[in-house]
Amino acid sequence: MNAPPLVLVHGLFDTPRIFDGLKGRLAGGRWPLLIPHLPHGLGWVPLEDLARLLGQHIDAAFGSDQPVDVLGFSMGGVIARTWVQLEGGHRRTRRLTTVASPHRGTLAALPWPRPWLPGLADMKPGSSLLRRLDQNVDALRSVECCSFYCPTDLTVFPGWQAVLPFGPRHPLPVFWHNRLMAEPGSLDPVAQELLRP
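Residues numbered from 1 in each chain as written. Predicted model: local features only at pLDDT ≥ 70, side-chain atom pairs only at ≥ 80, totals over all residues. Heavy atoms only, no water.

**Let's talk about helix α5 (residues 128-135)**
All buried positions along α5 are accounted for by Leu129, Leu130 and Leu133. Projected onto a plane normal to the axis of α5, the buried residues spread over an arc of 95 degrees and lie on a single side. The secondary structure elements touched by the buried residues of α5 are α2 (47-62) and α3 (75-86). (Buried < 20%, exposed > 50% of the residue type's maximum accessible area, 1.4 Å probe, protein only. Helix = DSSP H or I, 4+ residues; strand = E, 2+ residues; numbered from the N terminus. Arc of directions from axis to C-beta. Contact = heavy atoms within 4.5 Å.)

In structure tokens form, the structure reads like this:
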């Protein structure tokens, strides 16, 4: 059976170009490929709004019934998880893979006030969004989950908590968050997971 389309979701301060290195590692082994641009407004767009926009991109590209695999990097992993759990994406998602995504929040988001930067505030430990996701994990049970994390991550901190509630969890031997989509030490295992039958 052929793999379903693959959707790649970028994070804060990123654009779809963040995945150029990963696309090279996939070498055409995953097609079709959707890498939507999700304008985050430097953190003022709430993650649930971005999750709805992600769903609109997926529907526009593949219709409303086509199964998909989804990978999210950094904040993109929380956006993807929000779409899967709260926007009905679990009904069509085969696999959800996240890389250095603050599923339990990141201390780096603590200084940012919600009235000014709600998207950043959504990534605070214990935020309303993260609590809702943790209270609705049943929607993930039908999805194959896999988490990659960076133990020394200072952007998504502490890095070892950047994991989904289910599925295998793999540390990546890269020191810096902003190199996770550039270094072979992270690109190779992530690509291997995406190319898994």
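Alright, that's what it looks like, and here's the rest.
**Looking at a nonpolar patch on the surface**
A contiguous nonpolar patch, built from Leu107, Leu110, Leu154, Phe157, Phe175 and Trp176 and spanning about 650 Å² of accessible area, is present on the exposed surface. Accessibility expressed as a relative area gives 57% for Leu154, which makes it exposed. (Patch = residues over 30% accessible without salt bridge, like charges linked within 9 Å, V, L, I, M, F, W, Y side chains within 5 Å. Areas by Shrake-Rupley, 256 points an atom, 1.4 Å probe, with all protein chains shown as cover. Salt bridge = Lys/Arg side-chain N within 4 Å of Asp/Glu carboxyl O.)

**Looking at unusual backbone geometry**
Going from Trp31 to Pro32, the amide bond is cis rather than trans, its omega being 0 degrees. By the element assignment, Pro32 lies in the loop between α1 (20-26) and β2 (33-34). Pro158 follows Phe157 through a cis peptide bond whose omega is 0 degrees. By the secondary structure assignment, Pro158 is in the loop between β5 (144-149) and β6 (169-171). A positive phi angle, close to 50 degrees, is found at Ala27, a residue other than glycine. Checked against the element boundaries, Ala27 lands in the loop between α1 and β2. Even without being glycine, Ser74 reaches a positive phi, approximately 55 degrees. Within the secondary structure layout, Ser74 lies in the loop between β3 (68-73) and α3. Judged by its relative accessible area of 9%, Ser74 is buried.

**Quick notes on the pairing of β5**
Most of β5 is tucked away, with five of its six residues classed as buried. Here strand β4 (residues 93-99) pairs with β5 via five bridges, running parallel. Bridge pairing in β5 links Val99 to Phe148. (Pairing = 2+ DSSP bridges.)

**Quick word on the nonpolar core**
The nonpolar side chains of soluble globular proteins are, as a tendency, buried together. Core analysis: the biggest nonpolar cluster contains 32 residues, and Val7 and Ile79 have the highest contact counts within it. Going through the elements one at a time, β1 (6-9), α2, β3, α3 and α5 are the ones with two or more residues in this core. Ignoring sequence-local partners within four residues, the contact set of Ile79 consists of Val9, Leu38, Leu47, Leu50, Ala51 and Leu54. Counting residues in each nonpolar core, the second largest holds 21 residues, with Val99, Cys146, Ala191 and Leu194 among its members. (Core = buried A, V, L, I, M, F, W, Y, C linked by side-chain atoms within 4.5 Å.)

**Observations concerning the pairing of β1**
Remember that side chains alternate between the two faces of the sheet whenever the strand is regular. Residues Leu6 and Leu8 point to one face of β1 and Val7 and Val9 to the other, with burial holding for every one of them. Note that β1 and β2 share two bridges and pair parallel. The partner of Leu6 across the bridge, within β2, is Leu33. Where the polypeptide runs from β1 across α1 and back to β2, its parallel neighbour, the crossover connection is right-handed. (Right-handed = clockwise from strand over helix to strand, strands pointing away.)

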